[in-house]
Amino acid sequence: MMPPEVWNWEAINFESSSCDSVVTIGGEQSNHCRATAAAARMVGLSPNLILRTRRADKIHEKTDELGFEGNILFDRMMGSTIYTCTPGEYGRVGSNKLVQHVCDYIATKDGGKPYAIPVGGSNGVGSWGYINAVDELMNQMESMKQDNTSSDFNLDHVVFATGSGGTAAGISLGLSMAYGSLGPSATDTSCPKLHAVGVCDNPAYFYDTMALIANEMGASLDKTTDQFIREAVTVHNGKGRGYALSTEDELDFILQFSLETGIALDPVYSGKALYHFVKHVVENDVESYRNKNVLFWHTGGALGIYEKGNDLLHKFSEVSLVKRVDVYGSNGVKEITD
């Protein structure tokens with residue numbers, strides 16, 4: 001997941017690095033890869049994307065096609081060179097080595113100078129984008145407090161999805177700094193409780209990854225980075241069936257949420273995370289959240305819902321009817337027919 005704030009930090013970094021292309025990695029419907037491709041083109045660089053897909057071998061053998069659904073359509077509109085690997089290869093080799101492998105290939109074959117970006121843009125550079133995002137949030141809250149009707153407004157809980165750790169690290173450090181709970185002179189009077197809902201892997205992975213990113217960002221703490229992270233944020237296991245795999249209940253929740261709010265949630269990150277938090281965290285401890293101000297941080301990615309169109313198709317007949325307007329009518333009577 002790569003919001004505009006992260007694009008800016010990564011783009012500034014690779015624009016000033018004398019590189020001529022970028023290489024990054026993610027899932028088949030990766031929001032991060034699509035955003036990276038766009039950011040690269042904005043500063044005149046060529047995007048190279050490694051997409052993890054169960055169809056990698058079939059695509060290579062021409063018995064299947066990568067297609068043009070969701071984020072992939074935008075990847076290809078940006079002229080991305082797309083490399084594929086299987087989830088098994090991704091797990092055995094690791095994302096960083098795969099990125100380096102493609103960088104070496106580009107440098108050797110074409111004499112190019114690629115800039116490597118880790119999965120999700122989750123490193124010390126990318127996570128600084130969320131420090132900016134927290135600053136934006138605090139300014140918005142200050143504006144609300146200046147409104148007479150919201151003078152005592154504060155947040156009790158902040159909830160967000162995490163898929164590679166960068167979002168969680170940046171928001172956790174940003175809010176801790178904003179509320180004075182970071183560093184030797186910490187006051188920690190009113191920092192909201194932070195909840196990172198993992199959409200893949202397990203909580204231990206995210207705690208470790210967040211600590212590594214915080215170290216890379218240069219966090220100055222009065223305790224170990226690992227201890228700070230574990231105290232600052234609770235990581236929930238919300239992966240369900242697995243990364244980018246949706247249950248029928250998750251899709252029902254996403255559809256119902258859009259009907260009630262007009263807000264689209266993506267099935268990979270925000271939809272999966274909010275579903276888990278509401279159905280498995282809040283509903284298992286209702287009293288702890290009653291009358292509390294809970295902010296859910298929507299990290300975008302609505303294009304990912306396109307891939308789930310066929311899974312949602314049978315539900316549309318119940319919520320989205322299609323009728324024919326009989327403009328001219330029969331016997332002069334204008335009608336609308338099902």
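Residues numbered from 1 in each chain as written. Predicted model: local features only at pLDDT ≥ 70, side-chain atom pairs only at ≥ 80, totals over all residues. Heavy atoms only, no water.

(A) Quick look at the layout of surface pockets. Of the voids in this model, the largest pocket is the one considered here, and its volume is about 970 Å³. If you list the elements that add at least two residues to the lining of the largest pocket, you get strand E1 (21–27), helix H5 (87–93), helix H6 (95–110) and helix H9 (203–217). If one sorts the elements of the lining of the largest pocket by residue count, H9 sits on top with five residues. (1 Å grid on protein atoms, 1.4 Å probe; cavity = no way out; pocket = protein on both sides within 12 Å on 5 of 7 lines; lining within 4 Å. Points joined across faces, edges and corners; volume = space filled by probe spheres on them. Helix = DSSP H or I, 4+ residues; strand = E, 2+ residues; numbered from the N terminus.)

(B) Molecular detail of the packing of H9 against helix H10 (residues 225–232). Look at H9 against H10: their axes get within 9 Å of each other, and the N-to-C directions meet at 120°. Between H9 and H10, the angle falls in the class oblique. Between H9 and H10 lies a crossing whose hand is right-handed. Along its contact with H9, which presents Tyr207, Asp208, Met210, Ala211, Ala214 and Asn215, the element H10 presents Thr225, Asp226, Ile229 and Arg230. Split into classes, the residues belonging to the contact of H9 with H10 amount to five nonpolar, two polar and three charged. (Axes fitted to C-alpha atoms, helices over the stretch in contact; angles between N-to-C directions. Parallel < 35°, antiparallel > 145°, perpendicular 65-115°, else oblique. Left-handed = near helix turned anticlockwise from the far one by under 90°. Contact = heavy atoms within 4.5 Å. Nonpolar A, V, L, I, M, F, W, Y, C, P; charged D, E, K, R; others polar.)

(C) Main features of unusual backbone geometry. Although it is not a glycine, Asp201 adopts a positive phi angle of roughly 55°. Even without glycine at this site, Ala244 takes up a positive phi of about 65°. When you line up the elements, Ala244 lands in the loop between strand E7 (233–237) and helix H11 (248–261).

(D) A look at the pattern of salt bridges. Enumeration according to the criterion identifies eleven salt bridges in this entry. We note a salt bridge from Arg230 to Asp226, for which the minimum N-O separation is 3.2 Å. With Arg230 and Asp226 both in helix H10, this residue pair falls four residues apart, about one helical turn. Using a relative accessible area of 42% as the deciding quantity, one classes Arg230 as partly exposed. Under the relative-accessibility criterion, Asp226 is labelled partly exposed at 30%. Residues Glu250 and Lys272 are paired through a salt bridge, measuring 3.3 Å at the closest nitrogen-oxygen approach. (Salt bridge = Lys/Arg side-chain N within 4 Å of Asp/Glu carboxyl O. Buried < 20%, exposed > 50% of the residue type's maximum accessible area, 1.4 Å probe, protein only.)

(E) The arrangement of the packing of helix H7 (residues 124–146) against H9 in detail. Closest axis-to-axis distance for the H7/H9 pair is 9 Å, and the angle between their directions is 90°. Accordingly, the angle class assigned to the pair H7 and H9 is roughly perpendicular. Within the contact between the two elements, H7 uses Gly124, Ser127, Trp128 and Ile131 and H9 uses Ile213, Glu216 and Met217. Here the residues of the contact of H7 with H9 are counted per class, giving four nonpolar, two polar and one charged.

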